[in-house]
Amino acid sequence: MSASLVRRGLELFDSDVNDVGKVKKKKKKQQTTPGSASVMELVSTKRQGVTRQVKRLQGRLGPGKSKATVKDKRITSAVEEFRKKQKKSQMSTNLKYFMEADYKAPESHTLKILSHNSGRQSRNHPEPPAKTAKETPSLFTEKEFQQFQKEYFGRTVEKKK
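All figures in this text were calculated on a predicted structure; none of them were measured in a lab. (Residues numbered from 1 in each chain as written. Predicted model: local features only at pLDDT ≥ 70, side-chain atom pairs only at ≥ 80, totals over all residues. Heavy atoms only, no water.)

## A few points about the overall build of the protein
Stated formally: Strands here mean DSSP runs of E at least two residues long; helices mean DSSP runs of H or I at least four residues long; both are numbered from the N terminus. Burial here depends on accessible area, computed with a 1.4 Å probe over protein chains only, as a share of the maximum for the residue type. Under 20% is buried, over 50% is exposed, and the range in between is partly exposed. Here, residues are in contact when the closest pair of their heavy atoms is within 4.5 Å. For every accessible area listed, the method is Shrake-Rupley and the probe measures 1.4 Å; residues are considered covered only by the protein chains on display.
When its secondary structure is counted, the protein shows seven helices and zero strands. Ordered by position from the N terminus, the helices and strands of the protein form the series α-α-α-α-α-α-α. Looking at the protein as a whole, 4% of its 161 residues are labelled buried. Of the contacts formed within the protein by residues at least 6 apart in sequence, a portion of 30% connects residues at least 24 apart. Carbon and sulfur atoms make up 57% of the accessible area of the protein, which totals about 16,700 Å².

## Considerations on the confidence of the model for the protein
What counts, and what does not: pLDDT measures the predictor's confidence residue by residue and takes values from 0 up to 100.
Residue-level pLDDT values for the protein average 76, and 68% of them are 70 or greater. Within the protein, helix 2 (residues 36-42) has the poorest average pLDDT of any element, 67, and helix 5 (residues 91-100) the best, 90.

## Focus on the pattern of salt bridges
Side-chain pairing between opposite charges can occur once the charged atoms of the two side chains come close. Here is the rule we go by: Any carboxyl oxygen of Asp or Glu that lies within 4 Å of a side-chain nitrogen of Lys or Arg is treated as forming a salt bridge with it.
Going through the model one piece at a time under the given rule, you end up with two salt bridges. Between Arg-8 and Glu-11 there is a salt bridge whose closest N-O contact spans 3.9 Å. Taken together, the residues Arg-8 and Glu-11, both in helix 1 (residues 3-25) and three residues apart, mark about one turn of the helix. Classification of Arg-8 by relative accessible area gives partly exposed; the value is 42%. One salt bridge in this structure joins Glu-81 and Lys-84, with 3.8 Å as the shortest N-O distance. Here Lys-84 and Glu-81 lie together in helix 4 (residues 78-85), a separation of three residues that amounts to about one turn. Looking at Glu-81, the relative accessible area reads 27%, which means it is partly exposed. Look at Lys-84 and you get exposed, because its relative accessible area is 61%.

## Thoughts on the packing of aromatic side chains
When we look at a pair of aromatic rings, we describe it by the centre distance and by the angle of the planes. This is how the line gets drawn: The pairing test for Phe, Tyr and Trp rings, Trp by its six-membered ring, is centres within 6.5 Å, and the orientation test on the planes gives stacked under 30 degrees, edge-to-face over 60, and tilted for anything in between.
As enumerated under the stated definition, the model contains four aromatic pairs in all. Ring centres of Tyr-97 and Phe-98 lie 5.2 Å apart, and the angle between their planes is 75°; on these two criteria the pair is classed as edge-to-face. Look at Tyr-97 and you get exposed, because its relative accessible area is 55%. Through successive ring pairs, a cluster of aromatic residues spans Phe-148, Tyr-152 and Phe-153.

## Points about the environment of Ser-89
What counts is decided by this rule: Between N or O atoms, a polar contact is any pair within 3.5 Å; within protein, one atom must be a potential hydrogen donor and the other a potential acceptor, and residues adjacent in sequence are included only when both atoms are from side chains.
Turning to its location among the elements, Ser-89 is positioned in the loop between helix 4 and helix 5. At 3.4 Å, the side chain of Ser-89 and the backbone nitrogen of Met-91 are in polar contact.

## Observations regarding a nonpolar patch on the surface
To be explicit about the condition: Patch definition: residues above 30% relative accessible area lacking any salt bridge, with like charges linked at up to 9 Å and the nonpolar side chains Val, Leu, Ile, Met, Phe, Trp and Tyr linked at up to 5 Å.
On the surface, a cluster of nonpolar side chains totalling about 380 Å² of accessible area is made up of Leu-139, Phe-140 and Phe-145. A relative accessible area of 79% places Leu-139 in the exposed class.

Next up, the structure:
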């Protein structure tokens with residue numbers, strides 16, 4: 001016997017064994033795309049067109065389902081998809097937390113935060129508030145001034161109104 005006849009006989013015998021295996025596997029639901037090992041079981045024993053048949057079988061989802069079908073597919077709107085993917089807003093819980101807190105940040109801290117978050121354009125930078133000149137505290141008290149007036153002028157000088 002030639003090697004080709006032996007090979008052909010083994011392929012026929014292998015297909016008979018695979019048919020028995022397919023009967024058992026039909027009980028399982030096949031919902032995923034079949035892998036290359038399971039696809040090779042479904043390929044016929046003919047030598048020609050094997051790769052095309054493998055590609056065709058791998059392109060299906062489940063038993064004989066095409067990917068292009070729309071049947072039994074739930075259509076969702078883009079808004080629903082967006083809402084589903086967005087995280088839940090924590091603004092209300094954050095507001096509640098900060099409203100309950102009694103701590104008030106110092107003015108310098110709030111100004112520093114505002115300066116970091118302001119834009120880079122000139123319209124986003126308001127002019128800084130003009131600094132008010134504080135009255136420098138006198139080195140002498142009122143009592144010492146009156147004593148100096150007595151010594152220098154000989155009497156206290158009253159202010160004119």
